Amino acid sequence: MSLLFSPTTLAIVYGRKMVSVQRMLDFDVLAGRKPSVACIVDPVSSAPQKTFFGAKEFLLPVVRTLKEARERFPQADVLINFASQRSAGAVVLEGIAREVRVIATIAEGVPESDTRQWIVEAQRSGTTLIGPATVGAVTAGAFRVGDTGGSTEHLIASKLHRAGCVGYVGKSGGMSNELYRMIAEHSSGIAEGVAIGGDRNPGSTLLSHILRYQEEPSIAMIVMTSEIGGREEEDIAKALKEKRITKPLIAWVAGTSAEHFPKDVQFGHAGAWAASSAETAQAKNQLLKKAGALVPQRFEGLPEIIAKTYEALKASGRVQDPMEPILPELPSDRRSAHVQCTISDDRGAEATYGSTPISQFIHDGSLVKTLARLWWKTDLTQEALTYLEMILVAVADHGPAVAGAHNAIVAASADKDTVSALCSGLLTIGPRFGGAVDAAARAFFDAHARGLRPKNLWTQ
Amino acid sequence: MAQKPIRETQAKALIRDQWPQEYAAGKPAIRFAEIDGSTDLLALPHNHPWLTEGKVVAKVDELFGKRGKLGYVQVAETWEETKIWMEGLRKTTATVAGRCGVLEHFIVEPFVEHEEELYLAFTCERTEDVILFSRKGGMDVEEQGASIVRIPVPLGTEPELSQLQGLDTKLTATIRGLFSLFRSLDLPSVEFNPIAVNARGVYLLDCVARVDTCAAFRQRSTWGLLSIPEGFGSTRTPEELFISDLDAKSGSSLKFVLLHPQGRIWTMVAGGGASIIYADAITAQVDPKELANYGEWSGNPSTDEMEAYTGKILSLIEKNDREQALIIGGGIANFTDVARTFAGVIAALEDHAPKLKNLKIFVRRAGPNDRRGLKALQEACNRLRISCVTHGAELPMTAVVSEALSALHLTPDS
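Residues numbered from 1 in each chain as written. Chains lettered and ligands numbered in written order. Predicted model: local features only at pLDDT ≥ 70, side-chain atom pairs only at ≥ 80, totals over all residues.

> So what's going on with the interface of chain B and chain A? Residues and values would help.
With 51 residues of chain B at the interface, the matching set in chain A holds 52 residues. Every element with two or more residues in the side of chain B that touches chain A is listed here: strand 14 (253–258), helix 9 (272–285) and strand 16 (293–298) of chain B. For the side of chain B that touches chain A, the element with the highest residue contribution is helix 9 of chain B, accounting for eleven residues. Here the side of chain B that touches chain A is built from residues that sort into 27 nonpolar, 17 polar and seven charged. (Contact = placed C-beta atoms within 7 Å. Helix = DSSP H or I, 4+ residues; strand = E, 2+ residues; numbered from the N terminus. Nonpolar A, V, L, I, M, F, W, Y, C, P; charged D, E, K, R; others polar.)

Given below as structure tokens:
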């Protein structure tokens, strides 16, 4: 497959990144596909995550381990790794071991030796790595990694909800979004875009994505942006000369200002420093231009080259302007339901407790087992069930007859203070429990209201 | 953070203190005295008695190469002679490769008689480490292309013994020890040029190393209190230190380098990639000396962080009497909240407004909540009577640079 993602791609998101997950689901609505997130992995809690799909609220499954995520959702073969700089490595290596197809790692500041180890492991397993230190990637109209493309308004303006004919790859995550917009304004927009990240040894190379785009029939032209530092452009130039890249390649390497600085400046990206004169932006731009890439004089010249290249492709009949799809409306105001049931589910043919159909509980015929499932959302061991049953037997006589005492005990067991526990007991008093007390109180109150003296009340 | 060079003294101390037991036989003889700005030269022989026991070699240790050619290496018969040489250079200003800095750090070592100068280096490629070796080390190793043996060592494997023995049998254990340190200490590149062998042992006559600062969190026990030096000529200003501290404490990125305090164009650009492109756009159009700083912020910093960051930059703008422009630039953010980050910018502007008479602000930024953020900033500037123009994604990213330049009457390429 030469595009990374399709409209049926499913992802596992490592880390409870609510906003990013919601952005992915919003993209899915705009692209007219089903939710692209299968589940979240959160090592601390498996409480499901409230999310919206369009206007409809639903609970996204959360599991504690990647192992469980892979077992429960075997069709989800993309891992979006929001783990921190320190733990990102373990997640990537486990993802590779569990045969995830694409792993995108967002964290910045991962040690170089770690990323290089990932690369070796990923080559062995055929895993595609994106990042670290990136926002991710997007296949227009199909799938978005995390925050790629930004807010809804901007991703619509950048035409990420439907496929164009341009393949984009660059280092910077932030600039990728700027480039998606620029490409959308001067051509039919991107088919796919990848930000490989600003580190010195990113998990995948610019060239690997360019070669994928070369293979992909829906892509007619390629745009790449790079930065000062590293020598990968030499490989790209070689591929151009060897005609392994024949589609128009528009390229720009940023960082021409570095030579004007009076001191060493470490740019915002870890890989953005020149170890030798061959790694300067000037040298790399020249090299690419000589090899046949379309390189503007300055960054500001990119839109013109993109427009010209696209118009030429259009004139030759190789591409045509796409139809603009009618976009579904995303609700501007979303309100979460206040009460949600994570226990029973009465949708579908048969109601379930947890994920077990009610008929199963009926078949088992055990009240305690049913209660355990409903209260703790789990199957208790036989020992625990027996213990609970004993308790139930011991308090079985505590029916309506002693409901007040029982409720006082319940309130106290819930760690309420004495007065609250007492009130709970007293307020339970009604016609069928403590009826005499209640009736007496009413009689006294009534007599008092009528101004009856005690003696008169008694004789009445 | 990224790869950073460390001083020769720091690299040698690491090798001396962390040498792996299993290669004890190959441990090089490491003995040096370290001199920094506060070292008392008179007291030095007390801690390093060998200084007065024979010939010594002294070198400037300031993170630049070609010291022999520059006259920053001295071989002396006596410590007294070395001391006089160092006193002549100490704390003087020098310009090396266009960078102007103060010579403060020196390394002094015993002179080692040797015949042959060898070259040894370790570097990182994408999926392999590389050992480089040459029998013709010394000053002109760059011209020894053909004589350099290159041994790739794929990650996850060890260098083959037979290959190392083929280089020099006397050096095998030393190379294995150094290579293992190179890997275990997160040093992305180390170079020994030259390395010498005599009857008494192996000597690292020079050592240049870089550390991967991203690995600092797991190298605490080995790097110890390694303070990573700035490049030569990059003494950090209080403002740079303040922002670097802010950056270190934040999960987001806040970068600031003061380039020309009297420059007229200040930048605060969101995004590692965009900030480079803005710097390119400015230096391509006007005298680079007009670019006052390089500044980058990203990763959705908090309102408070943005206020502190902006405030520090405004304090520098106040000190400059010329007509100035502040470019608050950036691409279309993926997740950084424009309104929230701009609230910090506004708070800082409110603080500094009375002193910002000579400032015009030019903004181009887009992303989540951009309209609200841009509007709030524009309104705040109007209220504070600071001349300001704001743009969203409708303006090409660096077009705002041209606006700023023309407002300052800086004509392109003047």
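Structure shown, so let's carry the discussion forward.
> Hey, could you go over the domain arrangement of chain A for me, with residue numbers and the actual values?
Segmenting chain A into domains produces domain 1 (11–315) and domain 2 (348–454). When each unit is reduced to the centre of its C-alpha atoms, the spacing between domain 1 of chain A and domain 2 of chain A is 57 Å. (Domains from an automatic or database assignment.)

> Residues and numbers for unusual backbone geometry, please.
Omega for the peptide link from A:Gly131 to A:Pro132 comes to 5°, which places this bond in the cis form. Structurally, A:Pro132 can be placed in the loop between strand 8 (128–130) and strand 9 (137–139). Each neighbour pair has its own omega, and for B:Asn193 with B:Pro194 the value is 5°, a cis peptide bond. Here B:Pro194 is to be found in strand 11 (residues 189–198). One non-glycine residue, A:Lys159, lies in positive phi territory at about 55°. Mapping A:Lys159 onto the fold places it in the loop between helix 5 (152–157) and strand 11 (166–170).

> Tell me about the domain arrangement of chain B, and name the residues and values.
Residues and elements named next belong to chain B. Per the domain assignment, the segments of chain B are domain 1 (3–27 + 115–218), domain 2 (33–110) and domain 3 (238–407). Using C-alpha coordinates to define each centre, domain 1 is positioned 24 Å away from domain 2. At the junction of the two partners, domain 1 supplies six residues and domain 2 supplies eight residues. When grouped by side-chain class, the residues that make up the side of domain 1 that touches domain 2 number three nonpolar, one polar and two charged.

> Which residues make up the sheet that holds strand 18 (residues 359–364) of chain B, and what values do they have?
Residue and element names in this part refer to chain B. An order of 14-16-15-17-18-19 is seen for the six strands of this open sheet, with the pairing classed as mixed. The sheet terminates laterally at strand 14 and strand 19 (387–391), the two strands that pair on one side only. On average, adjacent strands in this sheet sit at an angle of 10° to one another, irrespective of strand direction. Across two bridges, the pairing between strand 15 (residues 265–270) and strand 16 is parallel. Bridge pairing in strand 16 places Ala 270 opposite Trp 297. Across the sheet, helix 10 (residues 303–319) is in contact with strand 14, strand 15, strand 16, strand 17 (324–330) and strand 18; its angle to strand 15 comes to roughly 165°. (Pairing = 2+ DSSP bridges. Axes fitted to C-alpha atoms, helices over the stretch in contact; angles between N-to-C directions.)

> Break down the nonpolar core for me, citing the residues and quoting the values.
By size, the foremost hydrophobic cluster in this structure holds 173 residues, and its most contacted members are A:Ile12, A:Tyr14, A:Ile183, A:Leu249 and B:Ile327. Element by element, the count of residues in this core is highest for helix 9 of chain B, at seven residues. Apart from the residues within four sequence positions on either side, B:Ile327 is in contact with B:Ile265, B:Thr267, B:Tyr278, B:Phe362, B:Val400, B:Val401 and B:Ala404. Membership of the second largest hydrophobic core comes to 30 residues, among which are B:Ala11, B:Leu120, B:Leu164 and B:Phe182. (Core = buried A, V, L, I, M, F, W, Y, C linked by C-beta atoms within 7 Å. Buried ≥ 20, exposed ≤ 12 C-beta atoms within 10 Å, placed from the backbone.)

> I'd like a rundown of the sheet that holds strand 3 (residues 56–60) of chain B, residues and numbers included.
All names here are of chain B. Strand order in the open sheet made by the four strands is 2-7-3-4, with antiparallel pairing throughout. At either margin of the open sheet sits one strand with a lone partner, and together these are strand 2 (33–35) and strand 4 (73–76). Ignoring strand direction, the axes of neighbouring strands in this sheet form an average angle of 15°. Here strand 2 runs beside strand 7 (residues 106–110); their pairing, made up of three bridges, is antiparallel. Residue Ile 35 lies in a different strand from strand 7, and its bridge partner there is Phe 106. Against the sheet, helix 4 (residues 79–89) contacts strand 2, strand 3, strand 4 and strand 7, and its axis sits at roughly 10° relative to strand 3.

> So what about the pairing of strand 15 of chain B? Which residues, and what values?
A regular strand places its side chains so that they alternate between the two faces of the sheet. Residue and element names in this part refer to chain B. For strand 15, the buried fraction is high: six of the six residues fall into the buried class. Sheet analysis places strand 15 next to strand 17, joined by six bridges and oriented parallel. The residue of strand 17 that forms the bridge with Met 268 is Ile 328. In this view, the connection linking strand 15 to its parallel neighbour strand 16 by way of helix 9 has right-handed handedness. (Right-handed = clockwise from strand over helix to strand, strands pointing away.)

> Quick one: what's the story with the packing of helix 14 (residues 403–413) of chain A against helix 15 (residues 418–427) of chain A, residue by residue and with numbers?
Residue and element names in this part refer to chain A. For the pair helix 14 and helix 15, the least separation of the axes is 7 Å and the interaxial angle reads 150°. In terms of axis orientation, helix 14 runs roughly antiparallel to helix 15. When you trace helix 14 past helix 15, the crossing you get is right-handed. Taking contact as the criterion, the partners of Gly 404, Ala 405, Asn 407, Ala 408, Ala 411 and Ala 412 in helix 14 are, on helix 15, Ser 420, Ala 421, Leu 422, Ser 424, Gly 425 and Leu 426. Its residues assigned to classes, the contact of helix 14 with helix 15 shows seven nonpolar, five polar and no charged. (Parallel < 35°, antiparallel > 145°, perpendicular 65-115°, else oblique. Left-handed = near helix turned anticlockwise from the far one by under 90°.)

> Which residues make up the packing of helix 6 (residues 173–186) of chain A against helix 10 (residues 302–315) of chain A, and what are the values?
Residue and element names in this part refer to chain A. For the pair helix 6 and helix 10, the least separation of the axes is 9 Å and the interaxial angle reads 45°. The angle between helix 6 and helix 10 falls in the class oblique. The two elements helix 6 and helix 10 meet at a crossing, and its hand is right-handed. Within the contact between the two elements, helix 6 uses Met 182, Ile 183 and His 186 and helix 10 uses Leu 302, Pro 303, Ile 306, Ala 307 and Tyr 310. Of the residues in the contact of helix 6 with helix 10, the class split is seven nonpolar, one polar and no charged.

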